[in-house]
Amino acid sequence: MEISGPRGTHDILPDESALWYYIETNLRQMAELYGYSEVRLPIFEHTELFERGVGDSTDIVQKEMYTFEDRGKRSLTLRPEGTASCARAFIEHKVYNQAQPTKWYYIGPMFRYDRPQAGRYRQFHQFGVEAFGSQDPNVDAEVIAILVRIVEKLGIKNAELHLNTVGCPDCRPLYRERLLQYLTPFAGELCNDCQQRLNKNPLRVLDCKTTHCREVVKDHPTLHSYLCERCGQHFEQVKSMLSSYKVDFVLDSQLVRGLDYYTRTAFELLIPDLGAQAAVGGGGRYDGLIEECGGPPTPGIGFAMGLERLLLAARKQASQAWKIPPVMEVFVAVADKEYDRDACLLLDRIRQAGIKADKDYLDRSLKAQMKYAGKNEARLVVVIGEDEIKNDCYILRDMKAKEQQDVPSSQIIDRIKSILVTS
Ligand code: HAM
């Protein structure tokens, strides 16, 4: 039997899951601060949703989807991203009939069959936000600000926001033609992927990472001079609002993103410390997606961030900023095994009072129990021994202050609470 997990997946064991929990709690709080509510959507969808939503010329749809046929011969796909599923749910539940905008967030696993390396996995986790129903450039600026402020709040430095506009179906075709004219003479020099992209979606050649393709596009015409008036104004307002929020950005005319649904604003947050997989989050506006998926014309914008990458960056830079709560606040120790039952009953009282507590289950000596409590960062240890049972009291040891006192049994819970509250 194969005893290692499938390539590109990873286990999150308890000492690491505490960090995940901490980061996820921060993400939820931040999303809720900006008025977003959580949606929980299926892990798999009909394959057609991603073909239409994400776009069948994209790398994701062409090469990276985990697609399978179920027993009813339906083609299903493990979701490679969350935006298409949100669009599907928005349409299916006729959420467009409610007061707009609709502001949703999600956290969960995504699946892409790609070559695994540091920061790139086949099962990874995204936190994403999607705002449907408004074209207001202030929504673009707000969504971008959430991404930037999350990273700031986690104490991660040197993040670089890259910003671009990819225009709309009115102005992009003209630019596409112009770009194609520019690229065609170099067609033979492009990498295999870009040769295929050239006719399907030449804009994607702009963000190819191979050295030679980057050289070819060095002097490419930029979309900015082809933008229609409305797209131009929209972009100006997004930039102006971001500047007012004091959110720094780098204008990046090569940022086109790897999914087909984008219109107008496109952005990515890069953390150079992460090396080859530097994009910790990315997103943009997708004003045609809901219609493409069969709903009424509805604008939208959002982003998703990769939690593994966020964690890698946070671990490299900011571990001091984290306040991970210990697994136990109180440890109940016994001087002798015969007081075990008393320890269980006291433990029950402490837990019922809403305090995280535990005891030994391996017959450790008192000294070893104290060591175990210290290792688990218990703030307090209650010791039960012969004298304590006789006098109906406990020894309460404060592991931080390195002090101890006798406390009557009737007062133990209140005393524990008063110390924990001040810590
Ligand atoms: P994306 O750029 O494909 O956009 O992914 C967003 C983030 O997910 C990336 O910046 C990266 O941090 C993380 N990510 C992507 N693939 C992997 C992988 N194989 N391993 C680890 N992390 C990965 C989207 O998914 C869009 N749905 C974002 C969006 C939302 N646009 C509008 N709304």
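Structural notes, computed from the coordinates. Keep in mind the model is a prediction, meaning the values are calculated, not measured.

Quick look at unusual backbone geometry
Cis geometry is found at the peptide bond from Q100 to P101, where omega equals 5 degrees. On the secondary structure map, P101 appears in the loop between α4 (83-92) and β5 (102-111). One non-glycine residue with positive phi stands out, namely N158, at about 65 degrees. Among the secondary structure elements, N158 is positioned in the loop between α5 (137-153) and β7 (160-165). Judged by relative accessible area, N158 falls into the exposed class, the value being 54%.

Some thoughts on the sheet that holds strand β15 (residues 393-398)
Overall, mixed pairing links the five strands, which are arranged β13-β12-β14-β15-β16 in an open sheet. Unpaired on one side and paired on the other, β13 (357-359) and β16 (403-408) mark the two borders of the sheet. With direction set aside, neighbouring strand axes in the sheet form an average angle of 25 degrees. In this structure, strand β12 (residues 330-334) lies alongside β13, joined through three bridges in parallel fashion. Across the sheet, the residue bridging to V330 is A357, located in β13. Set on the sheet, helix α13 (residues 366-375) makes contact with β12, β14 (380-384) and β15; between it and β12 the angle comes to about 175 degrees.

Focus on the site of the ligand
Surrounding the ligand, one finds 25 residues, the nearest of these being E81, T83, Y121, E130 and Y262. A279 is positioned such that a nitrogen or oxygen atom in its backbone is 2.9 Å from an oxygen atom of the ligand. Calculation on the ligand without its partners gives an accessible area of 660 Å², and the protein chains cover 95% of this total. Elements with a minimum of two residues in the shell around the ligand: β6 (123-132), β10 (279-285) and β11 (300-306). Looking at which element gives the most residues to the shell around the ligand, the answer is β10, with six residues. Considered class by class, the residues forming the shell around the ligand number 10 nonpolar, nine polar and six charged.

Rules used in this analysis
Residues numbered from 1 in each chain as written. Predicted model: local features only at pLDDT ≥ 70, side-chain atom pairs only at ≥ 80, totals over all residues. Heavy atoms only, no water. Helix = DSSP H or I, 4+ residues; strand = E, 2+ residues; numbered from the N terminus. Buried < 20%, exposed > 50% of the residue type's maximum accessible area, 1.4 Å probe, protein only. Pairing = 2+ DSSP bridges. Axes fitted to C-alpha atoms, helices over the stretch in contact; angles between N-to-C directions. Contact = heavy atoms within 4.5 Å. Near = heavy atom within 4 Å. Polar contact = N/O pair within 3.5 Å; in protein donor to acceptor, adjacent residues only side chain to side chain. Areas by Shrake-Rupley, 256 points an atom, 1.4 Å probe, with all protein chains shown as cover. Nonpolar A, V, L, I, M, F, W, Y, C, P; charged D, E, K, R; others polar.

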